[in-house]
Structure formats: C-alpha cells, structure tokens
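# An overview of the molecular structure
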Amino acid sequence: MSTNNFSQLSLSKPIVENLASLGYEQMTPIQALSVPLILDGKDLIAKAKTGSGKTAAFGLGIVQQLRVKQWYVQSLVLCPTRELADQVSKSIRQLARTTHNVKVLTLCGGMPIGPQIGSLKHGAHIIVGTPGRINDLLRKGHLAIDRATQLVLDEADRMLDMGFQDDLDKIVSYMPAKRQTLLFSATYPDSIKALAQRVCLKPQFVEAQDVLSPSTIKEQFVELAHSSERDEAVLKLLHLYRPEQAIVFCNTKRETTQVANYLKQAGWVSLALHGDLEQAARDVTLVRFANGSATVMVATDVAARGIDVADLELVINYQLSREAEVHTHRIGRTGRAGKDGVAISLFTEREYPKLALRVGDEAIENHRLELPDDSVLATDPKRPSMHTLQIDGGKKVKLRPGDILGALTAQGGVQGSDVGKIDRFDFSTFVAIKRDAVKVAMNKLQSDKIKGRQYRSRVVRG
Ligand code: AMP
C-alpha cells in the first residue's frame, strides 16, 4: 500500500466519512498494518503503544463488523484500568456515530455493580471493561458473551502486570472458540507470548517500527587508582546519570550487601539481591525493583537472572565479571526496548589486561570516563516514582487484583493510572502506587473493606 488512506480499506462509506470529520486523514503506521488484517477477520498480536492510534485500529474493526440489528454482545474489549476503559468506550462511540443505535457499555471495578447489572438488562453490542468486574458479572450470570465474535485485549502487558491473568483465562472460557481475538501490547515479553498462544488462533504479528533508531548500548570505562574507591565511584555515577533504575553488578554476596547499604546511607533507595536471601525476602526485593519502587538493585550475576525489568538506563560493573561472557550478559541488561543504555565498568590498573581482552584497548581508550568531582554529590538522590504497599491477604483468601484495584479506585480513592504492578503471593499482595498517591491509597485501605473484609496493610520500606 503506497498511501495510507482509509478509503482503501473495506470500510463502509459513512465510517470513512466519519473518520474525515474526526480529522483522521491518514492511517497511522499501526493502523496501516493492522486494520486490513482485522477487517479480514484474522487474529492479531499488535505491538503498539498508547498514542499509536491502536484504539481506532481495533475500534474500526469492531464498528465495521457490527450487526446492529442483532441484539446481543458481539465484542468484548478488556482494559487494565477504568480510565482506559472509559477512553476506549468514548473512542468506539465516536467511530460508531454514523451507525445508528450502537450500544456500548462500560463495566469496571471500583463502581457500584447494581447499576451495571441494570444496564445489562437493556442489552448491549459492545462491552468495554476491566477483567475483574467482567469476570464477576459473568460468574454471577448477569453478562452473556457466548455469542460474542470479537475479543480485544488492550494493553495486555499491563493487565498481566496487574495480576489479571486468571480473570482473563476465565473470561475467555465463556467465549465461543470461533471468534476473532486481537491482542494489543506495548511490550512483548514471554508472558504475553504465552497468553497469545492460549487465546489467539494462528495470529498475525504486527509491529509499527519506532521512529527511534535501534537501541544502542554505550559502554564506558572508569579507571580507579584504588579498589577502595568503588563505592564512591558508583555513587557519583548515580548522581551524574540520575537513572530511573540501575543495576550494580558485584561478584560476591558480601559486596552486594555492603554496596546497597552504602548507597542507602547516601539516600538512594537501593536493594541487595544475592543467593543467600530467604525466598520471602527475595520475592519482596524482586517485586520492589520490578514495580519501580527502588532505584538501584545491587546484585550478583546468578541472582540477577530473576530481575525482569525491560529498559534499564544504567548498568554498573562494580567489579569486572569473572567470565567474559557474563560481561556481555550484564551490559545487555540495558539499552532494550529502543532506548539507549549506558553500561559502565570500573577497573583498576591491575585489571586493565582483563578488561582489554574483553573489549579491546581501543574501546577503553575511546570511552574512558572521568568521574565528576564531589560537587555532583550535592544533588538530591533520584527518588523512585512508585512505592510498594503490602496487603496481608493473597491467593489463599482468594483476594484478587480486581478486588484490590476496585477498592483503591472506588470513590475518594486513587486513579487507576496511579496503580502499577500488582503481585500476588499466597499470603500477601504487593501493589505499586505512584508516590503522590500513597497517602490516599493507604487511607482507603485502612478505612474500607475489600470484599467485606478489612486487611492490614503497610508501605514497604527499608
Ligand atoms: P491511541 O493510541 O489509541 O491512544 O490514540 C492516540 C490518539 O491519536 C487519539 O487521540 C486518537 O484520536 C488519535 N488518532 C488515532 N488514529 C488517528 C489517525 N489516523 N489520524 C489522526 N489521529 C488519530
């Protein structure tokens, strides 16, 4: 397709005219790739971010294929938060405004369920909602999707992050096997691949090329006069780069604890991760880093395998790794997802030959970095954007992410967009909350019940 006009698609005339009236002149890259496949009835995995025009991509597929005279639920769109669901409903209504009598219903947690049950009695063509509430309504028999022919998972990665996997699987089990499934996700980790395998049938994969150049890793090398200068060097590098998140690699367990403590004393929220941590402590450490409530993770190589963070800005080699290939693994932790990353290795004169063997003399000489002087330490440490709340209830009491999200975002609570990852264990659940919303979230948890029960909760620190 040389140009990306909507008129090239098999869309009805009123829909195309409506697009022009909305000011949509050309398809965005993700629309050009996905809409033809969607209109052709294919299952689809689309890697696309917010702002790419993804809502209109699946919205057009829904509106074009809708049979308005058939009065049952034909399409179900699942979103991670109420805000997104509201936005998606609004977009679909806009796209459908030249088709008469299209009924779009939004069904989300954190809102009273009674009126939703009432609205469902009047019927709807398109349902947009959050997985927890949709599953509830299905389980209680208020919602029927057994004739629905389209399922859209919007921001699927975020839904998995928020712990909605079980709800998603249950919801899918209420749908006919013969359907079209469209999965949209900003990232494409293994968990999304596995989900796609379960819910899609021979899906096509589309990804709009980012305008960004491919990611690059910039390696830099800092020579220290003495090995004892490592701690201060790491601290200065953190103040200099001010990363959202960084990993510092050490070779021993003792070093990880010592470096993490040193950084903590200097005001950085840093955690140590090594093989001797008990399972529970290890879980909390991984959860806090992955959900963005800690800035620095100081880890040994083996322990770092469990860290699942997509785009680290900075990796520091406190010590050079013992093996050459481990060095490559370490620096590969940064510069992912189209972003540039920096990997810095500290070395002493004695270690020069080892480093030169790995990266070459030329690289070291061309990418030497001088540490800034002490004035850099006068800046405040970078604070993490999130905090972790721990709720004393988890899988064993069937406390589900949707229940927690609903309680937190109910009237007087926080916005759905203030809530990050939700990680559930047998006896507790960890919820990432934006720093500014922690107070409101804690008040809400301490004053309200979740599913009729009061749970103890606290902000995880230390
Ligand atoms: P989304 O990625 O779905 O959140 O969409 C981002 C924004 O782009 C929304 O405000 C849409 O209204 C707008 N948009 C979607 N498709 C187009 C298009 N083809 N031309 C212009 N704007 C668009």
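### A short note on the overall build of the protein chain
- Of the regular secondary structure elements, the protein chain holds 18 helices and 17 strands.
- A globule of 462 residues ought to have a C-alpha radius of gyration of about 23 Å, and the protein chain, at 25 Å, matches this closely.
- When the backbone C-alpha atoms are referred to their principal axes, the protein chain occupies close to 80 × 60 × 35 Å.
- Surface exposure of the protein chain reaches about 21,600 Å², of which carbon and sulfur atoms provide 50%.
- Charge centroids of the protein chain, computed over 61 positive and 51 negative side chains, lie 10 Å from each other.

### A look at the sheet that holds strand E16 (residues 429–434)
- Ordered in space as E15-E16-E14-E17, the four strands form an open sheet in which the pairing is antiparallel. Unpaired on one side and paired on the other, strand E15 (419–424) and strand E17 (457–459) mark the two borders of the sheet. Across the sheet, the mean angle from the axis of one strand to that of its neighbour is 20 degrees, orientation sign disregarded.
- By the bridge criterion, six bridges tie strand E14 (residues 386–391) to E16 in an arrangement that is antiparallel.

### Side note on the sheet that holds strand E7 (residues 204–207)
- Sheet architecture is open: seven strands sit in the order E3-E4-E2-E5-E6-E1-E7, paired in parallel fashion. A single partner strand is all that each edge strand has here, and the edge strands are strand E3 (104–107) and E7. Between one strand and the next, the sheet's axes are offset by a mean angle of 15 degrees, whatever the strand orientation.
- Bridge analysis of strand E2 (residues 75–78) against strand E5 (residues 150–153) gives four bridges, and the strand direction is parallel.

### Considerations on the packing of helix H6 (residues 131–139) against helix H8 (residues 165–173)
- Direction vectors running N to C along H6 and H8 enclose 40 degrees, while the axes themselves pass 9 Å from each other. Accordingly, the angle class assigned to the pair H6 and H8 is oblique. The chirality of how H6 crosses H8 is left-handed. Judged by residue contacts, Pro131, Gly132, Ile134, Asn135 and Leu138 of H6 engage Asp167, Leu168, Lys170 and Ile171 from H8.
- Split into classes, the residues belonging to the contact of H6 with H8 amount to five nonpolar, two polar and two charged.

What counts, and where the lines are drawn
Residues numbered from 1 in each chain as written. Predicted model: local features only at pLDDT ≥ 70, side-chain atom pairs only at ≥ 80, totals over all residues. Heavy atoms only, no water. Helix = DSSP H or I, 4+ residues; strand = E, 2+ residues; numbered from the N terminus. Rg over C-alpha atoms; globule rule 2.2 N^0.38 Å. Areas by Shrake-Rupley, 256 points an atom, 1.4 Å probe, with all protein chains shown as cover. Lys, Arg positive; Asp, Glu negative; His and termini not counted. Charge placed at Lys NZ, Arg CZ, Asp CG, Glu CD. Pairing = 2+ DSSP bridges. Axes fitted to C-alpha atoms, helices over the stretch in contact; angles between N-to-C directions. Parallel < 35°, antiparallel > 145°, perpendicular 65-115°, else oblique. Left-handed = near helix turned anticlockwise from the far one by under 90°. Contact = heavy atoms within 4.5 Å. Nonpolar A, V, L, I, M, F, W, Y, C, P; charged D, E, K, R; others polar.

Function-wise, these values are silent; they only describe arrangement.
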